[in-house]
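Observations on chain architecture
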Amino acid sequence: MRTAVGVDLGGSHVTAGVVTDDGTIQSQHEEDLDDLTFGAVIAALETVIRPALKDAGGVVGIGIGAPGNIDAATGAVLYSPNFDWHDAPLGDTVRSKFSLPVFVANDARCATLGEYTYGSGKLTKDFVLLTLGTGIGGGIVARGELLLGNRWGAGEIGHHQIRPADGFVCGCGKIGCFEAQASGTGLIRHAFAVAPSFPRSDLLDVPRSKLSSKKIRRAAQAGDLHAVAAWKSFTADLALGLANVIAFVNPATIALGGGVSTAGDFMLEAVRPRVEALTTMIPRGTTNIVIAALGNNAGQVGAATMVLRGGLTTGDARAA
Ligand SMILES: [Zn+2]
């Protein structure tokens, strides 16, 4: 059995898993990230990778999924707004610390590879993963191949604009990006946007730091009118983006992952009929919208799979 270390590098913590070639995580090590400077992040990576390597005995290499525009050939982070890095030599630096092959790629593309290989994409060749969290990450598999694009940017579905005239300001600077409207942060913004219509609502009467998208979703499930209105705006925007994805790549399956996807059927039931209504040129009902199967582990499993495949590729017998 071949084994690799798969690392999920996020904005608040970093997790390293020992992953075998059947997609199983054998052990995990996690470290919080307070300091996002390059040197501090490298130190945190070492803190989780060293014990993982010890657990594993022998590994093929180390795979890292990180946010941003990443050259998966060299492992350089070309641009990461989350870390405020430009041309950061992440792959080379980690390579110099460990005498092992090191692969680095965008975190959502890694998660897509993991979910396609071992999760909800297992039985299809045309697959899209969207991670709905603080932002929206994405990845596209078409005819069994993970799309990379001309400059590693294929799958940046979060930054197609769906409400350029009246939407929320996105972290990227544009107005009304899919990410700004339909991420967990988007749900919170919808709750503020509809608040004037609910002057007696106490939904937002908590410190901003305590206000989570989950709180709003749960209140919507409990029938709170303010939360229901926010949830309606949110799911309308989510459906709009999903229908666009279907028009672009006509996948067999779109899997929704990330923290917001724990809403499960409550979200799917709201979104599916709207997506159907917005799907015109493609036969309706030919794209399955599901909740991703691997949860928070998709990034680690996918990063390790990248190592076991020798690069950011499905290496797929399913590819035609
Ligand atoms: Zn954007």
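Residues numbered from 1 in each chain as written. Predicted model: local features only at pLDDT ≥ 70, side-chain atom pairs only at ≥ 80, totals over all residues.

**Notes on the sheet that holds strand β12 (residues 253–257)**
Spatial ordering of the open sheet is given by β11-β10-β9-β12-β13, a layout of five strands whose pairing is mixed. Edge positions in the open sheet fall to β11 (145–146) and β13 (288–291), since each of these has one partner strand only. With four bridges joining them, β12 and β13 adopt parallel strand pairing. Along β13, the bridge assignment pairs Ala-255 with Val-290. (Pairing = 2+ DSSP bridges. Helix = DSSP H or I, 4+ residues; strand = E, 2+ residues; numbered from the N terminus.)

**So, the domain arrangement of the protein**
The domain boundaries assigned to the protein delineate domain 1 (3–106 + 297–309) and domain 2 (120–293). With centres defined by C-alpha atoms, the gap from domain 1 to domain 2 works out at 27 Å. Each side of the interface is counted separately: domain 1 has seven residues, and domain 2 has seven residues. Residue contributions to the side of domain 1 that touches domain 2 peak at three residues, all from strand β5 (residues 69–71). Across the side of domain 1 that touches domain 2, the residue classes tally to four nonpolar, two polar and one charged. (Domains from an automatic or database assignment. Contact = placed C-beta atoms within 7 Å. Nonpolar A, V, L, I, M, F, W, Y, C, P; charged D, E, K, R; others polar.)

**A look at the nonpolar core**
Core analysis: the biggest nonpolar cluster contains 92 residues, and Val-5, Val-7, Ile-64, Val-104, Ile-216, Ala-230 and Leu-242 have the highest contact counts within it. Here this core gets eleven residues from one element, more than from any other, and that element is helix α7 (residues 225–249). Split by domain, the residues of this core number at least three in each of domain 1 (3–106 + 297–309) and domain 2 (120–293). Discounting chain neighbours no more than four positions away, the residues touching Val-104 are Ile-64, Ala-66, Ile-70, Ala-72, Gly-75, Leu-90 and Gly-91. (Core = buried A, V, L, I, M, F, W, Y, C linked by C-beta atoms within 7 Å. Buried ≥ 20, exposed ≤ 12 C-beta atoms within 10 Å, placed from the backbone.)

**What to know about the sheet that holds strand β3 (residues 25–32)**
In a beta sheet, neighbouring strands are held together by backbone hydrogen bonds and run either parallel or antiparallel to one another. Judged by pairing direction, the sheet is mixed, and its five strands sit side by side in the order β3-β2-β1-β4-β8 without closing on themselves. The sheet terminates laterally at β3 and β8 (102–106), the two strands that pair on one side only. Taking each pair of neighbouring strands and ignoring which way they run, the sheet shows an average axis angle of 20°. Inspection of the sheet shows strand β1 (residues 3–9) paired to strand β4 (residues 62–66) by four bridges, in the parallel sense. (Axes fitted to C-alpha atoms, helices over the stretch in contact; angles between N-to-C directions.)

**Examining the pairing of strand β7 (residues 85–88)**
Within a regular strand, the side chains alternate between the two sheet faces. Of the pairings in the sheet, the one linking strand β6 (residues 76–80) to β7 comprises three bridges and is antiparallel in character. Across the sheet, the residue bridging to Val-77 is Ala-88, located in β7. What sits between β6 and β7 in their antiparallel hairpin is a turn of four residues, with Asp-84 showing a positive phi close to 55°.

**A closer look at helix α5 (residues 184–194)**
Of all eleven residues in α5, nine are buried, a share of seventy percent or more. Within the span of α5, buried status applies to Gly-184, Thr-185, Gly-186, Leu-187, Ile-188, Arg-189, His-190, Ala-191 and Val-194. For α5, the elements touching its buried residues are β9 (127–132), α4 (178–182), α6 (213–221) and α7.

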